[in-house]
Amino acid sequence: MATVYFSSPIMSKNRKVSAVAGKNTTLLGVAKENDIKIPFECQNGRCASCMVKVTHLDGERIKGVALTDKERDVLKSIGRLPEKEEERAYVADIPPTFRLACQTIVTDEDLLVEFTGEPGGA
């Protein structure tokens with residue numbers, strides 16, 4: 001079980017929700033199941049409208065899912081995947097700060113997910 005905290009200036013207060021690990025649910029899926037309005041368009045990892053900032057809250061026990069090729073390409077093209085973070089993602093399996101909510105699978109770790117409410121804003 002994962003606990004996901006959603007934070008955005010468009011929400012009246014932060015939301016804490018539980019997500020079942022191993023269900024292969026994306027962050028966007030968890031948000032939609034809980035009526036949290038992360039902007040999205042394509043849901044295919046190409047438009048970056050669902051970009052979020054993810055903070056892993058379990059200290060050194062980071063289990064984030066690797067970047068998909070689409071996600072890596074899109075984040076690089078908009079300047080949200082610095083070389084250092086891209087290298088860490090591939091060498092040490094440490095996920096980058098910014099992710100696409102439609103591509104990021106929830107694992108059994110606690111997360112803080114921040115978004116602005118504007119498409120592509122994180």
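Refer to the structure above for everything that follows.
Just so we're clear, the structure is a prediction, and the values are computed from it rather than from any experiment. (Residues numbered from 1 in each chain as written. Predicted model: local features only at pLDDT ≥ 70, side-chain atom pairs only at ≥ 80, totals over all residues. Heavy atoms only, no water.)

(A) Layout of unusual backbone geometry. For Asp-35, which is not glycine, the phi torsion reads 55° and is therefore positive. Among the secondary structure elements, Asp-35 is positioned in the loop between helix H1 (27–33) and strand S3 (51–56). Residues other than glycine seldom take positive phi values, yet Gln-43 does so here, at roughly 60°. Overall, the relative accessible area of 41% leaves Gln-43 in the partly exposed class. (Helix = DSSP H or I, 4+ residues; strand = E, 2+ residues; numbered from the N terminus. Buried < 20%, exposed > 50% of the residue type's maximum accessible area, 1.4 Å probe, protein only.)

(B) Seen up close, helix H3 (residues 83–91). All of the buried residues along H3 are Glu-85, Glu-86 and Ala-89. For H3, the angular spread of the buried residues around the axis is 100°, confining them to a single face. Residues of H3 that are exposed and angled more than 90 degrees away from the buried face: Glu-83, Lys-84, Glu-87 and Val-91. Downstream of H3 by one or two residues, Asp-93 has phi in the positive range, about 55°. (Arc of directions from axis to C-beta.)

On their own, these measurements won't tell you what the molecule is for.
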